[in-house]
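Residue strings, one per chain:
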Amino acid sequence: MKPRIGYARVRRKAAELLEGQNSPPVSLDLVADLLGAEIREVELDDDASGILFRGNGRKVIAVNRSHHPLRKRFTIAHELGHLALHKGTEVHVDQVFRINLRDSRSATAEDVEEIEANAFAANLLIPAQWIRLDVAGYTLDLENEARIDALADRYQVSKQAMIIRLTSLFSPK
């Protein structure tokens, strides 16, 4: 049987971690603090966006310093999703620790944990209740580049991330 994606749990956890924040852009540092995590920019191979390390009482999100700032924000939110939702894979080097790695396969929609971490990132960076308020009062046109760019800038996400989020929230089911 195929594992189910826990979208309700993902939405609930993202909303819980947004308490105290009520307008964009979301402070990922505050969310990381709530989860007891450190965020570090490091040198990684270009195909690796980020890594979540858990071990020895520490939680560290390493994000590829050479990536675009908006991509780094999504990567950090994705790794925060793993931290909030998943145990991670145990790795043995000299000590036992757990990791989650965000790489080029993370967006392929094949792994339940990756799908959940991406959904968490979308819910965290572009909370449904906030974006609904921001688009209330006008007709949403995904081809209105100026409007999409303004929303993406407001939320500090890529234009593509904004379009995907708006489509998922406002398309007829």
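About the cut-offs
- Residues numbered from 1 in each chain as written.
- Predicted model: local features only at pLDDT ≥ 70, side-chain atom pairs only at ≥ 80, totals over all residues.
- Heavy atoms only, no water.
- Helix = DSSP H or I, 4+ residues; strand = E, 2+ residues; numbered from the N terminus.
- Buried < 20%, exposed > 50% of the residue type's maximum accessible area, 1.4 Å probe, protein only.
- Salt bridge = Lys/Arg side-chain N within 4 Å of Asp/Glu carboxyl O.
- Core = buried A, V, L, I, M, F, W, Y, C linked by side-chain atoms within 4.5 Å.
- Contact = heavy atoms within 4.5 Å.
- Axes fitted to C-alpha atoms, helices over the stretch in contact; angles between N-to-C directions.
- Parallel < 35°, antiparallel > 145°, perpendicular 65-115°, else oblique.
- Nonpolar A, V, L, I, M, F, W, Y, C, P; charged D, E, K, R; others polar.
- pLDDT = per-residue confidence, 0-100.

*Asks:* Give me the lowdown on the environment of Asp 47, citing residues and values where you can.
*Replies:* For Asp 47, the position within the fold is in the loop between strand S1 (38–42) and strand S2 (48–55). Under the relative-accessibility criterion, Asp 47 is labelled partly exposed at 49%.

*Asks:* Lay out the pattern of salt bridges in plain terms, naming residues and giving numbers.
*Replies:* Taken as a whole and judged by the stated rule, the model has 9 salt bridges. Salt-bridge contacts for Arg 58 lead to Glu 38; the nearest nitrogen and oxygen are separated by 2.8 Å. One end of the pair, Arg 58, is in strand S3 (residues 58–64); the other, Glu 38, is in strand S1, with 20 residues separating them in the sequence. In this structure Glu 38 comes out as partly exposed when scored by relative accessible area, which is 24%. Across the pair Lys 159 and Glu 145 runs a salt bridge, and its minimum N-O distance is 2.8 Å.

*Asks:* Which residues make up the nonpolar core, and what values do they have?
*Replies:* Leu 80, Leu 124, Ile 131 and Met 162 are the most contacted members of the largest nonpolar core, which has 38 residues in total. For this core, the elements supplying multiple residues, two or more each, are helix H1 (7–17), helix H2 (28–34), S3, helix H3 (69–85), helix H4 (112–125), helix H5 (128–135), helix H6 (145–155) and helix H7 (159–170). For this core, the leading source of residues is H3, giving 6 residues. Look past the residues within four positions of Met 162 in its chain and what remains in contact with it is Ile 126, Ile 131, Ile 148, Leu 151, Ala 152, Tyr 155 and Val 157.

*Asks:* Requested: an account of the packing of H6 against H7, with residues and values cited.
*Replies:* Contact geometry of H6 with H7 gives a least axis separation of 9 Å together with a crossing angle of 100°. With respect to H7, the axis of H6 lies roughly perpendicular. Mapping the contact onto sequence places Glu 145, Ile 148, Asp 149, Leu 151, Ala 152 and Tyr 155 in H6 and Lys 159, Met 162, Ile 163 and Leu 166 in H7. Residues belonging to the contact of H6 with H7 are distributed by class as follows: 7 nonpolar, no polar and 3 charged.

*Asks:* Explain unusual backbone geometry residue by residue, including any values.
*Replies:* What you tend to see is this: most non-glycine residues have negative phi, and most peptide bonds are trans. The linkage connecting Pro 24 with the following residue, Pro 25, adopts the cis geometry, with an omega of 0°. Tracing the backbone through its elements, the reader meets Pro 25 in the loop between H1 and H2. Its identity is not glycine, yet Gln 156 carries a phi of approximately 55°, on the positive side. Of note, Gln 156 is situated in the loop between H6 and H7. Judged by its relative accessible area of 34%, Gln 156 is partly exposed.

*Asks:* Which residues make up the confidence of the model for the protein chain, and what values do they have?
*Replies:* Close inspection of predicted coordinates is inappropriate for parts of the model with low pLDDT. For the protein chain, mean pLDDT is 88; residues scoring 70 or higher make up 86% of the total. Throughout residues 92–97 the model reports pLDDT below 50, and contacts reaching past four residues in sequence, or to other chains, amount to 10 contacts.

*Asks:* Before we move on, could you go through the environment of Ala 15 and cite the residues and values that matter?
*Replies:* Position of Ala 15 among the secondary structure elements: in helix H1. Separated by 105 residues in sequence, Ala 15 and Phe 120 place their C-alpha atoms 9.5 Å apart.

*Asks:* If you had to explain the packing of H5 against H7 to someone new, which residues and values would you point to?
*Replies:* Relative orientation of the contacting elements H5 and H7 amounts to 90°, with a least axis distance of 11 Å. The angle between the axes of H5 and H7 places the two elements in the roughly perpendicular class. Across the interface between the two elements, Ala 128, Ile 131, Arg 132 and Val 135 from H5 touch Met 162, Arg 165, Leu 166, Leu 169 and Phe 170 from H7. For the contact of H5 with H7, the per-class residue count stands at 7 nonpolar, no polar and 2 charged.

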